[in-house]
Amino acid sequence: MEKVAKRLGVYSKLEKVGLESPNDVLMKTVGDLQRILNTGEAEILELFQAAAAEVYPWRERRELVVLSTANTNNSHITETITTGDQVIDRILGSGLPLGSVTEVVGESSSGKTQLCLQLCLSAQKPDASIHGASVYLHSEGHFPAVRLSQIAQAYGQQYNLNPDIMKRSIHTMHLPDRETQYRVLSYQLPVLLSRHKNIKLVVIDSISAPYRGDNSSGGERFERMNEICEVGSRLKRIAHEYKIAVVVINQVSDTFVAATNHNNNNNNSNNSNSSSSNANSNDPHEELLALWMDFKLEGFKRSPINMFWPSLTKKPVLGKSWATSVTTRIRLARSIMTDIAPTRRALFVEFSPLASRSGCEIVIDDGGVRSRLS
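As a starting point, this report considers the structure included with it. (Residues numbered from 1 in each chain as written. Predicted model: local features only at pLDDT ≥ 70, side-chain atom pairs only at ≥ 80, totals over all residues. Heavy atoms only, no water.)

## Considering the packing of aromatic side chains
Worth spelling out the cut-off: Between the rings of Phe, Tyr and Trp (Trp by its six-membered ring), a pair exists once the centres lie within 6.5 Å; its type follows the angle of the planes, with under 30 degrees stacked, over 60 edge-to-face, and the other angles tilted. Only DSSP runs of H or I reaching four residues or more are called helices, and only runs of E reaching two or more are called strands; each is numbered from the N terminus. Note on classification: 1.4 Å probe, protein chains only; a residue is buried when its accessible area is under 20% of the maximum for its type, exposed when over 50%, partly exposed between these limits. Here, over-ring charges are defined by two tests on the NZ atom of lysine or the CZ atom of arginine: distance to the ring centre within 6 Å, and angle to the ring normal within 35 degrees.
A complete count under the given rule lists three aromatic pairs for this structure. Residues Tyr155 and Tyr159 carry aromatic rings whose centres are separated by 5.4 Å and whose planes lie at 45° to one another, so their mutual orientation is tilted. Taken together, the residues Tyr155 and Tyr159, both in helix α9 (residues 145-159) and four residues apart, mark about one turn of the helix. With relative accessibility at 3%, the residue Tyr155 sits in the buried group. Ring geometry for Phe308 and Phe348: centres 6.3 Å apart, planes at 75°, overall edge-to-face. One end of the pair, Phe308, is in the loop between β9 (296-298) and α15 (309-312); the other, Phe348, is in strand β12 (residues 345-351), and 40 residues separate them in sequence. Both residues of the pair, Phe308 and Phe348, belong to the buried class. The cationic tip of Lys6 hangs over the ring face of Tyr11; the distance from NZ or CZ to the ring centre is 5.1 Å.

Next up, the structure:
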């Protein structure tokens, strides 16, 4: 981080305000550092990446996860919460890590809420190395109690647990607006976690809902960005301080790409060049899809990425500033919904310090979300 800070010309400023360690830098929001260092967002994000690489060296962490399969008693292994599915846990690098923020993104009907309800139940499995109660903060209408009961019933039968006791171990709160969300995350949630030491998981469904339809511009937009960064910073501190897993659902929006327009009105001498250019040009959507071609989808010799491309080319809302708060991003994708073919779904690890970019096809049934390979 020191080398990056010196190259950006902000090292002396960091020393002056006492931000000398990577941890100190990561605890600040993008807006805070922009004001302190008087520099642009791109430079701050580069500084964040350098600081994160020092604090959380993913290559070493990944090696530790691999070693854990041979030695489960290794005390250096990051503690994780199970998803309730062995294949999904393995793809995630043993589960959801404590002490960090995991983001679940995807379009509607991809299974985001279903997965998070399942996490609240799988976190209570007594045979798991880490287990306990959970908190579910919801802003998308009513809490999905009926679906929770359905999954809890299946879990109760499978693991010989009382579904009613499992449901009572999930603390729920409604976040109808930005003000309530900020108040809960700043005051009520820390108090709840202090009083209930057995809580191991906090879910927010969804982090972006209070900002939906916000068309602010200029100074108001900058204020909104700072607020989002502050929320992310608070969630990181909460995850680290209370040694819990924080899981947030985020929505996606369409990615608008400008199609390349070729001028067909050139004189005849340029026609051959124009044709050659058209033949070699790439479809903008194909370029977006190419970003996912390195993924390995388990269970397939040839990855069926094209099946999920409408989902994969959508971008998470809240922007890059928010993304700096996220340690792991899980992408849930689905095929186009039609009347002539069943909808297929997949889970992808978009980025993580514990896992490679891979995924698996998933199915959703009465018992929740599971890998098709399970």
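## As for α9
Think of an α-helix as 3.6 residues a turn; residues three or four steps apart then line up on the same face. For clarity, the cut-off: In this analysis, the expected span of each helix is defined as 1.5 Å times one less than the number of residues it contains. Residues count as neighbours in contact if any of their non-hydrogen atoms are within 4.5 Å of one another.
With 15 residues, α9 extends 20 Å from end C-alpha to end C-alpha; this agrees with the ideal 21 Å at 1.5 Å per step. All of the buried residues along α9 are Arg147, Leu148, Ile151, Ala152, Tyr155 and Gly156. Considering only its buried residues, α9 is in contact with α8 (112-122), α10 (163-168), β5 (170-174), β13 (358-365) and β14 (368-371).

## Remarks on the nonpolar core
What counts here: Only buried Ala, Val, Leu, Ile, Met, Phe, Trp, Tyr and Cys residues count toward a nonpolar core, and they belong to the same one when joined by side-chain atoms within 4.5 Å.
In terms of nonpolar packing, the biggest core is built from 37 residues, with Leu121, Tyr136, Leu201 and Val247 touching the most fellow members. Listed by contribution, the elements that provide at least two residues to this core are α7 (86-91), α8, α9, β6 (199-205), β7 (245-250), β11 (328-334), β12 and β13. The contacts of Val247, once residues within four sequence positions are left out, are Leu96, Thr102, Val104, Cys116, Leu119, Leu201, Val202, Val203 and Ile204. If you look at the next biggest cluster of nonpolar residues, it comprises 27 residues, including Leu189, Leu192, Ile238 and Val326.

## Section: the environment of Ala333
Tracing the sequence through the fold places Ala333 in strand β11. Residue classification places Ala333 among the buried positions, given a relative accessible area of 0%. Put simply, Ala333 and Pro310 are 23 residues apart on the chain and 8.4 Å apart in space, counted from C-alpha to C-alpha. Those residues in contact with Ala333 that lie beyond four places of it in its chain are Ser110, Phe308, Ser311, Leu312, Arg344, Arg345, Ala346 and Phe348.

## What about unusual backbone geometry?
The omega angle of the peptide bond from Asp205 to Ser206 is 0°, so this bond is cis rather than trans. The topology assignment puts Ser206 in the loop between β6 and α12 (219-242). One non-glycine residue with positive phi stands out, namely Asn38, at about 55°. Turning to its location among the elements, Asn38 is positioned in the loop between α4 (30-37) and α5 (41-55). For Asn38, a relative accessible area of 66% corresponds to the exposed category. Backbone geometry places Asn160, a non-glycine residue, at a positive phi of 55°. Assessed through its relative accessible area of 72%, Asn160 is described here as exposed.

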